[in-house]
Amino acid sequence: MRTRPALALTAALSLAALAACGSGGDETGAEESTLTVLAAASLTEAFTEIGEQFEAEHDNVTVEFSFAASSDLAAQITEGAPADVFASADQKNMDKVVEAGAAEDPRPFALNQLVIAVPEGNPAGVTGLADLAGLDFAACAAEVPCGAAAQTAIDASGTALTPVTFEADVKSTLQKLTLGEVDAALVYRTDANAAQDEVDAVEFPESAEAVNTYPITALADAAEPDLAAEFTEYVLGDDAWAVLETAGFQRP
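By convention here, each chain's residues receive numbers from 1 onward along its written sequence. Whole-chain, interface and lining totals are the exception, using all residues; otherwise, since this is a predicted model, local features are given only for residues with pLDDT of at least 70 and side-chain atom pairs are given and counted only at 80 or more. To get the side-chain values, all heavy atoms of the structure are used, and hydrogens and water are removed first.

Draft legend 1. Inspection of the overall build of the protein chain at higher detail. Counting secondary structure elements, the protein chain contains 9 helices and 10 strands. Exposed residues in this analysis have more than 50% of their type's maximum accessible area, buried residues have under 20%, and partly exposed residues fall in between, with area computed by a 1.4 Å probe over protein chains only. The buried share among the 252 residues of the protein chain stands at 45%. A total of about 12500 Å² of accessible surface is found on the protein chain, and carbon and sulfur atoms cover 49% of it. Only DSSP runs of H or I covering at least 4 residues are called helices, and only runs of E covering at least 2 are called strands; the numbering of each starts at the N terminus. To be clear on the numbers: accessible area is Shrake-Rupley with a 1.4 Å probe, and residue cover counts the displayed protein chains and nothing else.

In structure tokens, the structure reads:
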């Protein structure tokens, strides 16, 4: 007489356990996705925050970033490096990716402009490019968007200025200043803003001659094409723009 209730109880518990597993399977066993985004070094702070926002709105999605010089990233993409999205600091490097058939229809999402970064308090009293004469200053390498912009601005000023060091990207250029290895650095306004506790930003008129347009695109061989398209649209939207504007970017 005791066996039947015990068997019935065991069966009931088994069914309940199976039901619990079934009801929770969609949540605990949901497939996770990773979105790989290659982005210009100057987007590091803004895109990190935008990526966190995107993850918060997309369950089981992780956004992984690789930040570097746009020229390096474009080369990686055209050589077949796996990625889902590319955000460049200029149109020139984006064009290389499009011409290689790795993307199509990129869209601009931000503008950026150069400033002269100087130590906090501006001890040398820099007010413009001409004041860099006689000072040690850093700039990006010519093939990097911030380097091309720096040379355009210098040419527009009519001054004969030569940096003492050419760096691989804007972050390493700014680091030369924050480490005390140079007196000034030509960097984007957004990077100076990100380091505002350590540096001051000096605006100069010639920077208007070298404004960089930032385009973004989903890549043709994206492993996550739907997510890549969603992330691209997100970057073009108002929530992402609020982050970009706070960082110092301008709207196209």
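There's plenty left to go through after this.
Draft legend 2. How the structure looks around the sheet that holds strand β2 (residues 61–68). Two strands pair if DSSP finds at least two bridges between them. Strand order in this open sheet of 5 strands is β2-β1-β3-β10-β4, and the pairing throughout is mixed. Of all the strands in the sheet, the pair left with one neighbour each is β2 and β4 (107–112). Going from strand to strand, the sheet's axes swing by 20° on average, the running direction of each strand aside. In this sheet, strand β3 (residues 85–87) lies alongside strand β1 (residues 33–40) in parallel orientation, the contact comprising 3 bridges. Every angle, taken between N-to-C directions, lies between 0 and 180 degrees, and every axis is a line fitted to C-alpha atoms, over only the stretch in contact when it is a helix.

Draft legend 3. Layout of the environment of Ala 240. Mapping Ala 240 onto the fold places it in helix α9 (residues 238–247). Looking at Ala 240, the relative accessible area reads 0%, which means it is buried. Between the C-alpha atom of Ala 240 and that of Phe 54, which follows or precedes it by 186 residues, the distance is 9.1 Å.

Draft legend 4. Representation of the packing of helix α2 (residues 44–57) against α9 within the structure. Their axes nearest at 9 Å, the elements α2 and α9 cross at an angle of 160°. By the angle between their axes, α2 is roughly antiparallel relative to α9. The element α2 and its partner α9 pack so that their crossing is right-handed. Seen from α2, the contacting residues are Ala 46, Glu 49, Ile 50, Gln 53 and Glu 57; seen from α9, they are Asp 239, Ala 240, Val 243, Leu 244 and Ala 247. The class makeup of the residues in the contact of α2 with α9 is 6 nonpolar, 1 polar and 3 charged. Throughout, the term roughly parallel applies to angles under 35 degrees, roughly antiparallel to angles over 145, roughly perpendicular to angles from 65 to 115, and oblique to all others. A clockwise turn of the near helix away from the far one marks a right-handed crossing, whereas an anticlockwise turn of less than a right angle marks a left-handed crossing. Contacts are assigned to residue pairs that have any heavy atoms within 4.5 Å of one another. Polar here means any residue other than Ala, Val, Leu, Ile, Met, Phe, Trp, Tyr, Cys and Pro, which are nonpolar, and Asp, Glu, Lys and Arg, which are charged; Gly is therefore polar.

Draft legend 5. Here's a closer look at α2. Here the expected span of a helix is defined as 1.5 Å times the quantity of residues minus one. Between the first and last C-alpha of α2 there are 20 Å, a value that for 14 residues agrees with the 20 Å anticipated at 1.5 Å per step. Every buried residue of α2 is listed here: Ala 46, Phe 47, Ile 50, Gly 51 and Phe 54. Buried residues of α2 fall within an arc of 130° about the axis and therefore sit on the same side. Summarising the geometry, the arc corresponds to the directions from the helix axis toward the C-beta atoms.

Draft legend 6. Structural context of the state of the cysteines. Criterion for a disulfide: a pair of cysteine sulfur atoms within 2.5 Å. With the rule as written, the count across this model stands at 1 disulfide. A disulfide bridge connects Cys 140 with Cys 146, and the sulfur atoms are separated by 1.8 Å. Disulfide Cys 140-Cys 146: the torsion about the S-S bond is -100°, which places it as left-handed. In this structure, Cys 140 and Cys 146 share a single accessibility class: buried.

Draft legend 7. Spotlight on helix α4 (residues 91–99). If you check which residues of α4 are buried, you get Asn 93, Met 94 and Val 97. Projection of α4 onto a plane perpendicular to its axis shows the buried side chains occupying an angular sector of 100°, all on one side. Facing away from the buried side of α4 by over 90 degrees, the exposed positions are Lys 92 and Glu 99. The elements touched by buried residues of α4 are α3 (70–78), β3, α5 (145–157) and β10 (212–218). Two residues or fewer after α4 comes Gly 101, characterised by a positive phi angle close to 80°.

Interpretation note: all reported values are geometric properties and have no functional meaning in isolation.
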